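# Residue-level structural notes
Residues per chain are reported as follows:
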Amino acid sequence: MYDLSHRRRQLVLAICCMSLLIVSLDNTVLNVALPSMQKELHATVAGMQWTIDAYTLVLASLLMLAGSTADRIGRRKIFKIGLVLFTLGSVLCSLAPNLESLVAFRMVQAVGGSMLNPVAMSIITNVFTDPRERARAIGVWGAVVGISMAAGPVVGGLLVDSVGWRSIFWINLPVGVLALLLTWRYVPESRAPRPRRPDPVGQLLVIGLLGSLTYAIIEAPSAGWASPRILVFVALAVCSLVGLLLYEPRRAEPLIDLRFFRSAPFSGATVIAVSAFAALSGFLFLNTLYLQNVRGLNALHAGLYMLPMAALTFVCAPLSGRLVGSRGPRLPLLVAGLAITACGVLFAAFDAETDTVLLFTGYVLFGLGFGMVNAPITNTAVSGMPRAQAGVAAAIASTSRQTGGTLGVAVIGAVLAAGVAGTGSPRGASYAAAFVDASKPAWWILAGCGLCVLVVGALTSGPWARGTARRTAERLEAAGAPAGDQASAGSRA
């Protein structure tokens, strides 16, 4: 922890937000470019899924490793390496000659991205030591997601229509270089007093679980769920999960400390993060393809159509941060769950995509819900964890987000691909009808994600949940966490 001046703390927050901006903007911009990329690279729906999921999958797999490594060898050092790799990956993506190269270069981007967000949150946690000031900083952090959603579709649409889809990766270059220079000058170095040891077996099990599960979901519509290839990957995912549950508790310093999940708020934040970001990634994937392939809009107009959703996210994210700081996470979580559920039901039961007024209503509802959900996820996940291991704590929250994003695209894309298979090329009449029909179960899945946010948020933000957080913090302290390094998960910070 550092006692920095107010101006220095704000500069550090700005630098961390710049890293979040390019990582978040990358996916929102990419979604708008999907139809153009699909046409130029002759890709299937599964191919489009991989351009997104190759990125989120690597992120989800490496975030905890990056967080613990930063705690051990220096957060500022890892943060700078991440900026370099992410910027280099962006350059390579803009030069990709085919789909396979693009997917590979997206993975390079993700390696760098895995060193940015959890490490940045760890830096924020150590710089902003006052709980209320930290909650406000996290609210600003959440607002950056709104900025990326607001700017991404419009900027991406403008670039795709005027220059081409490759230009969407160029916008990362100036931001990445500027953030690197400012980090060199203003961000203090910090390490954990007692960093965790590496856990290579746990890391391999995490990669095996997420990678095999994602592969099985994406490829099942074309290969068939009963095909030997898919069954092998499903079995690998199950074995990896069982291995994690059996192996990690036996380690003194595991990659994933399962004791943290005894805290109901922390466990709830993990489930809510997976559900909310699965809904977000599925929402963006569905709407981008619908607006351009079915409605026939160009990339810019499709981005403008989604602006109400992005604007509500931008407005509600800092409001949610202030509510969390003053009243706790319960109200934002309930509002988020209700709004996301209502959005999914509107599309699934009332064909909102076929009516412009209902379409925009659904966009507003989703923007409200997603804007409210991010700050309480971050705050609750970091609270109640040893501050000396803030990188690991933030990484678990970020891993939950990216896991949700990966599963959202995989599941929604698989449902959509199965429904439109053999219906002709995009923008054809048969494809349009099949798309609307195939999207109905996908929207019900999205509504289910919202309902999960609502129910889990209600259950894990009350007095009972705060009691489990206090007991978990006491156990962690008794087990050897440095005294005074516990931040109660039940606090409003």
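Thresholds, definitions, all that
Note that residues are indexed from 1 along each chain, following the sequence as it is written. With the structure being a predicted model, the display of local features is reserved for residues of pLDDT at least 70 and the display and counting of side-chain atom pairs for 80 or more, all residues being used for whole-chain, interface and lining totals. Hydrogens are left out, water is left out, and the side-chain values use all remaining heavy atoms of the structure. Each helix corresponds to a stretch of at least 4 residues labelled H or I by DSSP, and each strand to a stretch of at least 2 residues labelled E; elements are numbered beginning at the N terminus. For each residue, the accessible area found with a 1.4 Å probe, counting protein chains only, is set against the maximum for its type, and the residue is called buried under 20%, exposed over 50%, and partly exposed in between. Two residues form a contact once any of their heavy atoms are found within 4.5 Å. Throughout this description, the term salt bridge denotes a Lys or Arg side-chain nitrogen within 4 Å of a carboxyl oxygen of Asp or Glu. With axes taken as lines fitted to C-alpha atoms, and helix axes fitted only over the stretch in contact, angles between N-to-C directions fall between 0 and 180 degrees. When describing relative orientation, an angle under 35 degrees is termed roughly parallel and one over 145 degrees roughly antiparallel, while 65 to 115 degrees is termed roughly perpendicular and anything else oblique. Should the near helix be turned anticlockwise from the far one by less than a right angle, the crossing is left-handed, and should it be turned clockwise, the crossing is right-handed. Amino acids outside the nonpolar list (Ala, Val, Leu, Ile, Met, Phe, Trp, Tyr, Cys, Pro) and the charged list (Asp, Glu, Lys, Arg) are all regarded as polar, and Gly is one of them. Here, nonpolar core refers to any group of buried Ala, Val, Leu, Ile, Met, Phe, Trp, Tyr and Cys residues whose side-chain atoms link them within 4.5 Å. Points on a 1 Å grid, built from protein atoms alone, make a cavity when a 1.4 Å probe fits but cannot get out and make a pocket when they are open with protein on both sides within 12 Å along at least 5 of 7 lines; residues with an atom within 4 Å of a point are the lining residues. Grid points are joined across faces, edges and corners, and a volume is the space filled by probe spheres set on the points. Ring geometry is summarised as follows: Phe, Tyr and Trp rings, the Trp one being its six-membered ring, pair when their centres sit within 6.5 Å, and such pairs are stacked at plane angles under 30 degrees, edge-to-face over 60 and tilted between the two. In this scheme, the term charge over a ring applies when either NZ of a lysine or CZ of an arginine sits within 6 Å of the ring centre and within 35 degrees of the ring normal.

What follows concerns the overall build of the protein. Each helix and strand in the protein was counted, giving 17 helices and zero strands. By residue count, 62% of the 493 residues in the protein fall in the buried class. When contacts within the protein are restricted to residue pairs at least 6 apart in sequence, those whose partners lie at least 24 apart make up 83%.

What follows concerns the pattern of salt bridges. Here the structure, examined in full by the defined rule, presents five salt bridges. In this structure, Asp26 engages Arg106 in a salt bridge whose closest nitrogen and oxygen atoms are separated by 2.2 Å. In this pair, Asp26 is assigned in helix H1 (residues 6–41) and Arg106 in helix H4 (residues 99–113), connecting sequence segments 80 residues apart. The class for Asp26 is buried, based on a relative accessible area of 3%.

For the pair H1 and helix H5 (residues 117–127), interaxial distance at closest approach is 10 Å and the crossing angle is 160°. The angle between H1 and H5 places the two elements in the roughly antiparallel class. Every pair of crossing elements has a handedness; the one defined by H1 and H5 is left-handed. Counted together, Arg9, Val12, Leu13, Cys16, Ser19, Leu20 and Val23 of H1 and Asn117, Ala120, Ile123, Ile124 and Val127 of H5 form the full contact between these two elements. Among the residues forming the contact of H1 with H5, the class breakdown is nine nonpolar, two polar and one charged.

Let us now look at the nonpolar core. Ranked by internal contacts, the top residues of the largest apolar core, which has 93 residues, are Phe283, Phe285, Phe366 and Val373. In this view, Phe285 contacts Asn31, Leu34, Val45, Met48, Gln49, Ile52, Val409, Gly413 and Leu416; residues no more than four positions away in its chain are not counted.

Here the largest pocket defines a volume of roughly 550 Å³. Lining the largest pocket are 20 residues; nearest its centre among them are Leu209, Leu244, Ile256, Phe261 and Thr270. Of all the elements in the fold, those that place two or more residues in the lining of the largest pocket are helix H8 (200–223), helix H9 (228–247), helix H10 (264–294) and helix H15 (390–420). Considering every element that reaches the lining of the largest pocket, the biggest residue donor is H15, with five residues.

As enumerated under the stated definition, the model contains five cavities of 30 Å³ or more in all. One number sums up the size of the largest cavity: a volume of about 480 Å³. Along the wall of the largest cavity there are 31 residues; nearest its centre are Ser24, Asn27, Phe277, Leu280 and Gln402. Its residues placed into classes, the lining of the largest cavity shows 16 nonpolar, 14 polar and one charged.

Bringing the packing of aromatic side chains into the picture now. Inspection of every chain in the model, using the stated rule, returns 14 aromatic pairs. Taking the centre distance of 5.5 Å and the plane angle of 75° together, the rings of Phe283 and Tyr363 count as edge-to-face. With Phe283 in helix H10 and Tyr363 in helix H14 (residues 356–382), this residue pair connects regions lying 80 residues apart in the sequence. Here Phe283 falls in the buried class, since its relative accessible area comes to 0%. Here a set of aromatic residues connected by ring pairs shows up, and it is made of Phe277, Phe283, Tyr305, Phe347, Phe360, Tyr363, Phe366, Phe370 and Trp443. Against the face of Trp184 rests Lys80, its NZ or CZ located 4.0 Å from the ring centre. Geometry around Tyr55 places Arg106 over its ring, the cationic atom sitting 4.2 Å from the centre.

Take unusual backbone geometry next. The phi angle at His42 is positive, at roughly 55°, despite the residue not being glycine. Since its relative accessible area comes to 72%, His42 is described here as exposed. A positive phi angle is found at Asp351, which is not glycine, with a value near 50°. Of note, Asp351 is situated in the loop between helix H13 (330–350) and H14.

The subject of this paragraph is the environment of Leu181. Inspection of the secondary structure puts Leu181 in helix H7 (residues 172–186). The exposed category is assigned to Leu181, whose relative accessible area is 55%. For the pair Leu181 and Ile15, spaced 166 residues apart in the sequence, the C-alpha separation amounts to 9.7 Å.

Let us look at the environment of Val420. Tracing the chain through its elements places Val420 in helix H15. Along the primary structure Val420 and Val45 are separated by 375 residues, whereas in three dimensions their C-alpha atoms are 9.5 Å apart.

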